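# Fold and geometry: a report
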Amino acid sequence: MPRFSIKQIPIPVYKPTRTSWVHKRPRNDYLMNPAVKYPIYKRLPSFWREQYEEKMPLIHQHEEQGTPRPQHGGLWKVGEKGEPERVENIPLKVYYPPESKKGIWGGEGWVIGAKYTRPNHKLNRRYDKIWKPIVMHRTIYSEILDRDVLMTVTPLTLDMIDEAYGFDAFVLKTPVVQLQEFGSKLKREMLLTLARKDTDLYPNNHEKRDKIYTKYQKYVISEEEASWVGLTLREAMHKQWDIEKAAGKHGPVPLLDLYTKELKEKIRLESGEPATLAETAGVSVFQMQDEKSKASNS
């Protein structure tokens, strides 16, 4: 899909004003939350929104477990001497550089923190430090796509591939948020290939096609759902806009239909007949006049 900007899509965007900050919604929601900023977001498929809103799994640190206390906040555990000790789960600052989106790093990124030159010393000095993962170039064969894929991986990615007993199984079972942009495109291509097995999955070798399809049959989904897997926010909104435009929701309305609606509405008002289906749907003469003026201007 070619690159484009959100400004190229005629999608209405909520623009906050000076009176918007008095609402109960947090201020950043008006600027950063797509569900508030873009009205089309709520019309996107629910399964895509679940994938998009899924959080990155905790990889770089171990989260300690504890139990809540009624008289104190947070989580607590039993210390070495039997006294209650508070559990401190301080999240690390992880930055995902643009290079991580061009490969499969398995959810790893740059860990931003601090380090001390002389621990437990009076002349100790603190300085910032960034821990980066080991990145390697590897060529891995895909059974479903029947081709070699060149990518950048980390040792964690290779371990996860070994645990899944294959590259294709690792990509299909790993969440989209952990695969990043490059891995999610591979996952979408694999799912579409499985959904179109009669034409795309080994069309010249029926025996191998049945073998591969049986091996990954538990990951098969419909072609419509597979086409949404791994899409970014811009790509998903662009696709939803094209679907609605093809259905005639955003296209220009013929003037003949507008004049017909307006004439029927005037006749109904003059005769005093009960409300028609158009009126129950919220169509009034003023709305039809606005639509007529928009159609004439276009």
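Residues numbered from 1 in each chain as written. Predicted model: local features only at pLDDT ≥ 70, side-chain atom pairs only at ≥ 80, totals over all residues. Heavy atoms only, no water.

Another point: the sheet that holds strand β6 (residues 126–131). Taken in spatial order, the three strands line up as β4-β5-β6 in an open sheet, and their pairing is antiparallel. A single partner strand is all that each edge strand has here, and the edge strands are β4 (93–95) and β6. Neighbour to neighbour, the strand axes of the sheet diverge by 40 degrees on average, direction disregarded. As paired strands, β4 and strand β5 (residues 110–116) are joined by three bridges and run antiparallel to one another. Bridge pairing in β5 places K93 opposite I112. (Pairing = 2+ DSSP bridges. Helix = DSSP H or I, 4+ residues; strand = E, 2+ residues; numbered from the N terminus. Axes fitted to C-alpha atoms, helices over the stretch in contact; angles between N-to-C directions.)

Moving on, we come to the pattern of salt bridges. Opposite charge on two side chains allows them to pair when their charged atoms are near. Using the criterion set out here, one finds nine salt bridges in the structure. R43 is paired through a salt bridge with E244; the nearest N and O atoms lie 2.7 Å apart. Pair noted here: R43 is in the loop between α2 (34–37) and α3 (46–53) and E244 is in helix α10 (residues 233–246), with a separation of 201 residues, a long-range link. (Salt bridge = Lys/Arg side-chain N within 4 Å of Asp/Glu carboxyl O.)

The subject of this paragraph is the pairing of strand β7 (residues 136–142). Relative to strand β8 (residues 147–153), β7 runs antiparallel, the two being bridged by seven bridges. Along β8, the bridge assignment pairs M136 with V153. Hairpin connection from β7 to β8: four residues lie between these consecutive antiparallel strands, with D146 at a positive phi of about 60 degrees.

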